[in-house]
Amino acid sequence: MVISGFKIPKDTQIMANFWAIDNDTNLWENPSEFRPERLLSEDLKTFKKPEYLIPFSYGKRSCPGEGLGVVEVFLYLSSLLQKYDIKANHKTDQKLEYEFHFSITAKHNPVFNITKRLN
Ligand code: HEM
């Protein structure tokens, strides 16, 4: 099979390059800037999902666990934030460097201050 001029031999395993999509300046303004509100509506109340945000991939081989994954991440984070205050400290405020492995990981462990919530 030939895709965009590249010959893909039979039985080759291929995977979408999500990093390239997530860092495409034609799609995102300053993609490396941490600005989660870019995925929220103007009133910051609802999630706004552009069609090119595809963490669970796309098409026939996309993730069948998407529904479960979304619920798990929501429950995990909300339970954690109910019990703890999590704040970045000055070390974490510095630019985060990352490394490529099978997926992208932080080069140095980010440092957080975690305190138990009183209320
Ligand atoms: C936040 C959580 C998750 C993320 C971000 C995620 C992401 C992905 C992605 C990107 C793929 C496609 C990989 C490729 O290009 O071949 C995939 C495939 C898959 N995921 Fe997930 N996943 C998550 C959770 C889950 C859960 C909870 C399950 C099962 C309970 C699951 C089961 C699968 C399976 C079986 C495939 C292979 C589908 C196929 O090849 O036809 N995933 N996932």
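Because the structure is a prediction, the values reported are computed rather than measured. (Residues numbered from 1 in each chain as written. Predicted model: local features only at pLDDT ≥ 70, side-chain atom pairs only at ≥ 80, totals over all residues. Heavy atoms only, no water.)

### Re the environment of Trp19
Mapped onto the secondary structure, Trp19 falls in helix 1 (residues 18-22). Sequence separation between Trp19 and Ser103 is 84 residues, and the spatial gap between their C-alpha atoms is 9.2 Å. (Helix = DSSP H or I, 4+ residues; strand = E, 2+ residues; numbered from the N terminus.)

### Topic: the site of the ligand
Inspection of the region around the ligand gives 13 residues, with Pro55, Phe56, Arg61, Cys63 and Pro64 positioned closest. Broken down by element, the residue count for the shell around the ligand peaks at three residues, all from helix 2 (residues 66-83). A per-class count over the shell around the ligand returns eight nonpolar, three polar and two charged. (Near = heavy atom within 4 Å. Nonpolar A, V, L, I, M, F, W, Y, C, P; charged D, E, K, R; others polar.)

### What about the UniProt feature "binding site: heme" (unreviewed entry) in the protein chain?
Feature annotation in UniProt places "binding site: heme" (unreviewed entry) on Cys63, given in this structure's numbering. With respect to the helices and strands, the residue Cys63 is situated in the loop between helix 1 and helix 2. (UniProt positions renumbered as here; feature names shortened; annotations may be inferred.)

### Looking at a nonpolar patch on the surface
A cluster of nonpolar residues, Val73, Tyr76, Leu77, Leu81, Ile86, Phe112 and Ile114, forms a patch on the protein surface that exposes about 690 Å² of accessible area. Those elements giving two or more residues to the nonpolar patch turn out to be helix 2 and strand 6 (112-116). With four residues, the single largest contributor to the nonpolar patch is helix 2. With respect to the helices, strands and loops of the structure, Ile114 is situated in strand 6. Taking the relative accessible area as the measure of exposure, Ile114 reaches 54% and is therefore exposed. (Patch = residues over 30% accessible without salt bridge, like charges linked within 9 Å, V, L, I, M, F, W, Y side chains within 5 Å. Areas by Shrake-Rupley, 256 points an atom, 1.4 Å probe, with all protein chains shown as cover. Salt bridge = Lys/Arg side-chain N within 4 Å of Asp/Glu carboxyl O. Buried < 20%, exposed > 50% of the residue type's maximum accessible area, 1.4 Å probe, protein only.)

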